[in-house]
Amino acid sequence: MLQKYLCAVFLWVAIVAGSPYSEDVDDMYSDYETTGRSEDAVIVRTPKFITEQMSMLVNEGETVRLPCIVDRLPGFVLLWKRQTENILAVGEQIIDKRFNLEPKPNGNSLVISQISTEDEGEYTCQISAFDPKFLTHKVKVRVKPEIETVPSELLVVREGEPASLICQVTRGSPPPKLSWTRRHRTEVVQGNMIKWSAVSRHDGGHYICR
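Analysis parameters
Each chain carries its own residue numbering, running from 1 in the direction its sequence is written. Only residues with pLDDT of at least 70 get local features here, since the model is predicted, and only at 80 or more are side-chain atom pairs given and counted; chain-wide, interface and lining totals rely on the full set of residues. For side-chain calculations, the full set of non-hydrogen atoms in the structure is used, while hydrogens and water are omitted. The helix and strand labels rest on DSSP assignments: H or I over at least four residues marks a helix, E over at least two residues marks a strand, and numbering proceeds from the N terminus. For each residue, the accessible area found with a 1.4 Å probe, counting protein chains only, is set against the maximum for its type, and the residue is called buried under 20%, exposed over 50%, and partly exposed in between. Between any two strands, at least two bridges found by DSSP are needed for them to pair. Under this scheme, a helix contributes an axis fitted over its contacting stretch, all axes are lines through C-alpha atoms, and angles between N-to-C directions fall in the 0 to 180 degree range. The rule for a salt bridge is simple: a side-chain nitrogen of Lys or Arg has to be within 4 Å of a carboxyl oxygen of Asp or Glu. To count toward a patch, a residue needs a relative accessible area above 30% and no salt bridge. Like charges then connect within 9 Å, nonpolar side chains (Val, Leu, Ile, Met, Phe, Trp, Tyr) within 5 Å. Per-residue and other accessible areas follow the Shrake-Rupley method at a 1.4 Å probe size, with only the shown protein chains counted as cover for residues. Pairing of aromatic side chains here covers Phe, Tyr and the six-membered ring of Trp, requires ring centres within 6.5 Å, and sorts the geometry by plane angle: under 30 degrees stacked, over 60 edge-to-face, intermediate tilted.

A. Broad picture of unusual backbone geometry. With an omega dihedral of -5°, the bond running from Val150 to Pro151 counts as a cis peptide bond. Mapping Pro151 onto the fold places it in the loop between strand S9 (133–150) and strand S10 (163–173). Cis geometry is found at the peptide bond from Ser173 to Pro174, where omega equals -5°. Mapped onto the elements of the fold, Pro174 is located in the loop between S10 and strand S11 (179–182). Phi is positive for Gln114, which is not a glycine, with a value near 50°. The topology assignment puts Gln114 in the loop between strand S7 (107–112) and strand S8 (121–128). A relative accessible area of 59% places Gln114 in the exposed class. Despite not being glycine, His184 shows a phi value in the positive range, around 70°. Here His184 shows up in the loop between S11 and strand S12 (188–190).

Following this line, the structure appears as structure tokens:
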């Protein structure tokens, strides 16, 4: 048993102490074919916007299209936001169902149907990239004015008493400027009120607020 143990140890030392390789490093892999490998770094430029920023004044109830077109889109994604926070759409996926997308070559248009004053604000198209780019459209909604008069139809006063007619805007954006006219007369009174310190029979008539 002792002899086998010594033999095994001696064999192990002989293998470790051996020098099977050439001292010339260049000859170490002479029997193998080597293939050179190189990597090319491709830098992709962030697209540029072709669409220009817009400030729009539109009528309530209309359909509005906000364009976002770039010079080269492949490899990038367009993202729509409202007021820079609320995400409306990413690529072709619509997040907020209130809005729609119309695909365009190298871009799209954000579509707002039946626009209302609640849709007013800033809409931003963003190029999703390491160096993101932004394009912002501003939308203002014009609402047809609605007015009412006080009193609504007929004002009856005694001669010599004070009197007034008031015109009020109940709805409208931007707020309209009001004036009063008297039928069959050319005189115009600016403002929402016409008043008399003491009426006479000559003041009677049909007054119109516009």
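B. Up close: the sheet that holds strand S6 (residues 99–104). Pairing within the open sheet is antiparallel, and its 3 strands lie in the order S2-S7-S6. Every interior strand has two partners, whereas the edge strands, strand S2 (64–69) and S6, have only one. Averaged over neighbouring strand pairs, the angle between their axes works out to 25° when direction is ignored.

C. Looking closely at the pattern of salt bridges. Tallied over the entire structure, the rule returns 8 salt bridges. Measuring nitrogen to oxygen at the nearest pair gives 2.6 Å for the salt bridge that ties Glu60 to Arg171. Pair noted here: Glu60 is in the loop between strand S1 (55–59) and S2 and Arg171 is in strand S10, with a separation of 111 residues, a long-range link. Under the relative-accessibility criterion, Arg171 is labelled partly exposed at 35%. Residue Lys138 is joined to Glu122 by a salt bridge in which the shortest nitrogen-to-oxygen separation is 4.0 Å. Separated by 16 residues along the polypeptide, Lys138 in strand S9 and Glu122 in strand S8 bring together distant segments of the chain. Judged by relative accessible area, Lys138 falls into the partly exposed class, the value being 44%. Glu122 sits in the partly exposed class, given a relative accessible area of 30%.

D. Spatial organisation of a nonpolar patch on the surface. Where nonpolar side chains cluster on the molecular surface, the patch consists of Val77, Ile87, Val90 and Ile95 and spans about 280 Å² of accessible area. Here Val77 lies in strand S3 (residues 77–82). Among the residues examined, Val77 registers a relative accessible area of 35% and is labelled partly exposed.

E. Geometry of the sheet that holds S11. If you walk across this open sheet you meet the 3 strands as S12-S11-S14, and the pairing is antiparallel. Both outer strands of the open sheet, S12 and strand S14 (207–209), are each paired with one neighbouring strand and no more. Ignoring strand direction, the axes of neighbouring strands in this sheet form an average angle of 25°. Direction of pairing for S11 relative to S12: antiparallel, over a ladder of 3 bridges. Counterpart to Thr181 in the pairing with S12 is Val188.

F. Representation of the packing of aromatic side chains in the model. Following the criterion strictly, the structure yields 2 aromatic pairs and no others. Measuring from ring centre to ring centre gives 5.3 Å for Trp196 and Tyr207, while their planes differ by 75°; the resulting arrangement is edge-to-face. Here Trp196 is found in strand S13 (residues 193–196), whereas its partner Tyr207 is found in strand S14, with 11 residues between them in sequence. Classification of Tyr207 by relative accessible area gives buried; the value is 16%.

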